[in-house]
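Fold and contact review
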Amino acid sequence: MGLRSSIFTILAFLCVYTSAGAETFRFQADTMIGTKATGKESVILSGNARVWSENITIQAERIEISGKDNRYLQCSGTIIGIDEQKGIRFTTSNLLYDRELKKARLEGDSTLEDKENKVIARGRFIEYDDKAGTVLLQINVRIFKDKLVCRSEYALYRRKEKILELSGSPVVYKDGDEFSSDSIRVDLATDDVVMEGQVRGTLKSTSKEKSSDGSRTQQ
C-alpha cells in the first residue's frame, strides 16, 4: 500500500516510531511516500526532510527510512547531522545511519566536528561509531585542532582516549614544525607527536631552520 502526504498533513500529524530500545523517533518533510508491504517497509521523505530523536537530528534533501523498527536512514543531498549529547556535528552529501548500532557512514566531501575535543575532521569517507567512540577517515584526510594540522590518506580517531592514528603518507604541522613518517600517533590531549618508520621533520625557529631524519622520534 502506498501513501502520499503534503507538508501540511505531515506537520499536522507528525509520525512517531519507537525502536526496540524504546527510543522516540520523529520525522517531517515536504512530501512523503511510504509502503508497509511485509519485508519491504520503507518511508521516503523529500524536500526539507528532517528526522530526530532525543540525541540526534538529521536534515537532508531526501531521507529513506527502512528496516525493522525503522533501523536504517539512507540520506542524500545537503546533509547536516547533530548529536547534541556528544557535541558532534557532521555534514556530507551521502549518509547511511544505523539506528540500532548507532553508526553513521558518510561518503563524499564530508566534515565531522567534535566540539568537546575541539577537533575538526575532513575526508571523502567517514565512519562514526558512537558506541565505540571512534571515527574512521579515508581519502584526503585533514584534521585540525587549534594550531595542529594533520593530513593523511587514512586516520583512526579515538574520541574517548583523545588519540589520533595516521597512516598513508601522514604529515603533521605543529607550531610551524613539520613531521612526516610511515605512521604517526598524536595525543590530542597534550599535542605530543610520536612517529614510527622512516621519519622526516623540519623544525623552525626564529634564528634558523633545522631538518632531521631518523627511525623514531617524539615531539
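In this text, all values refer to a predicted model and were calculated from it rather than measured experimentally. (Residues numbered from 1 in each chain as written. Predicted model: local features only at pLDDT ≥ 70, side-chain atom pairs only at ≥ 80, totals over all residues. Heavy atoms only, no water.)

This brings us to the overall build of the protein. When you go through the protein residue by residue, the secondary structure sums to one helix and 18 strands. Evaluated residue by residue, the protein yields a buried proportion of 41% over its 219 residues. Entry remark: accessible area of the protein is about 12,000 Å², with carbon and sulfur atoms responsible for 47%. (Helix = DSSP H or I, 4+ residues; strand = E, 2+ residues; numbered from the N terminus. Buried < 20%, exposed > 50% of the residue type's maximum accessible area, 1.4 Å probe, protein only. Areas by Shrake-Rupley, 256 points an atom, 1.4 Å probe, with all protein chains shown as cover.)

The subject of this paragraph is the pattern of salt bridges. Overall, the coordinates contain 12 salt bridges when judged by the stated rule. As a salt-bridge pair, K145 and D146 come within 3.3 Å of each other at their nearest N and O atoms. K145 gets classed as buried once you look at its relative accessible area, which sits at 11%. Overall, the relative accessible area of 59% leaves D146 in the exposed class. Close ionic contact of D191 with K145 constitutes a salt bridge, the shortest N to O distance being 3.6 Å. Placement of D191 in the loop between strand 16 (183–187) and strand 17 (192–204) and of K145 in strand 11 (residues 134–145) is noted, with a sequence separation of 46 residues between them. (Salt bridge = Lys/Arg side-chain N within 4 Å of Asp/Glu carboxyl O.)

A full pass over the atoms with the stated rule returns zero aromatic pairs. The residue whose ring lies beneath R50 is W52, and the NZ or CZ to ring-centre distance is 4.0 Å. (Phe/Tyr/Trp six-rings, centres within 6.5 Å; stacked < 30°, edge-to-face > 60°. Lys NZ or Arg CZ within 6 Å of the ring centre and 35° of its normal.)

This part is about the pairing of strand 5 (residues 42–52). Sheet topology places strand 3 (residues 24–28) next to strand 5; three bridges connect them, and they run antiparallel. Across the sheet, residue Q28 finds its bridge partner in strand 5, namely R50. Pairing geometry for strand 5 and strand 6 (residues 56–66), over nine bridges, is antiparallel. From the neighbouring strand, V43 faces strand 6, where its bridge partner is I65. Count of turn residues in the strand 5/strand 6 antiparallel hairpin: three residues. (Pairing = 2+ DSSP bridges.)

Mapping M32 onto the fold places it in strand 4 (residues 31–35). For M32, a relative accessible area of 10% translates into the label buried. Between the C-alpha atoms of M32 and A49, which are 17 residues apart in sequence, the distance is 9.2 Å.

This part is about the confidence of the model for the protein. Looking at the protein as a whole, the pLDDT averages 84, with 80% of positions reaching at least 70. Confidence drops under a pLDDT of 50 for residues 1–21, and excluding neighbours within four residues, the segment shows 44 contacts in the predicted structure. The model gives residues 207–218 a pLDDT under 50, and that stretch makes 33 contacts with residues more than four places away or in other chains. (pLDDT = per-residue confidence, 0-100. Contact = heavy atoms within 4.5 Å.)

Even without a glycine there, the phi angle at D146 is positive, about 50°. The phi torsion at D191 lies on the positive side, around 70°, for a residue other than glycine.

Bringing the pairing of strand 11 into the picture now. Bridge analysis of strand 10 (residues 119–129) against strand 11 gives eight bridges, and the strand direction is antiparallel. Across the sheet, the residue bridging to R122 is R142, located in strand 11. Hairpin connection, strand 10 to strand 11: the antiparallel pair is bridged by four residues, and G133 has positive phi, about 70°. Two elements, strand 11 and strand 12 (residues 148–158), share 10 bridges in a ladder whose sense is antiparallel. Bridging from a neighbouring strand, T134 pairs with R158 of strand 12. Here strand 11 folds back onto strand 12 in antiparallel fashion, the turn holding two residues, of which D146 has a positive phi close to 50°.

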